[in-house]
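Listed below, chain by chain, are the residues.
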Amino acid sequence: SEQIKNPMLAARLSKAFPRVAQAVRGRAMSGPTISEQLGSVKDVKVKDIPQWASSVQKDPKTEAAVKGFFNSYQQQYIKTGSADPIWHVIGVMFTLGYANDYYCHLRHEGNYKYH
């Protein structure tokens, strides 16, 4: 990853986004990143993809990353009694619904001259 060369900017960013800074520091010490793990898929044959995905899923670093995300989300939003998770669910449902509607209906709109 690219280092921030301006120390003042790096200090301001780490103050503004402490969780991101902590995650970046932790990732630097913890081994392969997700992009490195996914980059290894180039060497996998199609018939071996399920076995490869299973091994990546069972990797302790992957499990720790997922658990860390859910634990931090729970601490930040659920345990504080915030209403933000409701908005997050609505946003995800809207995005998935629109993507599904686009795939099923809207991609054909350009084919019709008159509706």
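For the structure, see preceding data.
This text gives an overview of the structure that appears in the document. Since the structure is predicted, the reported quantities are computational estimates derived from the model, not experimental observations.

Within the chain one finds 6 helices and 0 strands. Start at the N end of the chain and walk to the C end: the helices and strands fall as α-α-α-α-α-α. Going through the 115 residues of the chain one by one, you find that 6% of them count as buried. With an accessible surface of roughly 10400 Å², the chain has 62% of that area assigned to carbon and sulfur atoms.

A surface patch of nonpolar side chains, about 320 Å² in accessible area, is lined by Val66, Phe69 and Phe70. Along the chain, phenylalanine 70 falls in helix H5 (residues 60–78).

This part is about the packing of aromatic side chains. Evaluation of the coordinates by the stated rule reveals 3 aromatic pairs. Relative to phenylalanine 70, the ring of phenylalanine 69 lies with its centre 5.3 Å away and its plane at 65°, an arrangement referred to as edge-to-face. Judged by relative accessible area, which is 49%, phenylalanine 69 ranks as partly exposed. Using a relative accessible area of 52% as the deciding quantity, one classes phenylalanine 70 as exposed. Both rings, one in tyrosine 73 and one in tyrosine 77, keep their centres 4.8 Å apart while their planes meet at 50°; by these two values the pair is tilted. Pair noted here: tyrosine 73 and tyrosine 77 are both in helix H5, with a separation of 4 residues, about one helical turn. The class for tyrosine 77 is buried, based on a relative accessible area of 19%. An aromatic cluster is present here, built from Phe69, Phe70, Tyr73 and Tyr77 joined pairwise through their rings.

Running from amino to carboxyl end, H5 crosses helix H6 (residues 84–104) at an angle of 120°, the nearest separation of the two axes being 9 Å. Relative to H6, the element H5 lies oblique. Between H5 and H6, the residues in contact are Tyr73, Tyr77 and Ile78 and Asp84, Pro85 and His88, respectively.

Conventions we followed
Residues numbered from 1 in each chain as written. Predicted model: local features only at pLDDT ≥ 70, side-chain atom pairs only at ≥ 80, totals over all residues. Heavy atoms only, no water. Helix = DSSP H or I, 4+ residues; strand = E, 2+ residues; numbered from the N terminus. Buried < 20%, exposed > 50% of the residue type's maximum accessible area, 1.4 Å probe, protein only. Areas by Shrake-Rupley, 256 points an atom, 1.4 Å probe, with all protein chains shown as cover. Patch = residues over 30% accessible without salt bridge, like charges linked within 9 Å, V, L, I, M, F, W, Y side chains within 5 Å. Salt bridge = Lys/Arg side-chain N within 4 Å of Asp/Glu carboxyl O. Phe/Tyr/Trp six-rings, centres within 6.5 Å; stacked < 30°, edge-to-face > 60°. Axes fitted to C-alpha atoms, helices over the stretch in contact; angles between N-to-C directions. Parallel < 35°, antiparallel > 145°, perpendicular 65-115°, else oblique. Contact = heavy atoms within 4.5 Å.

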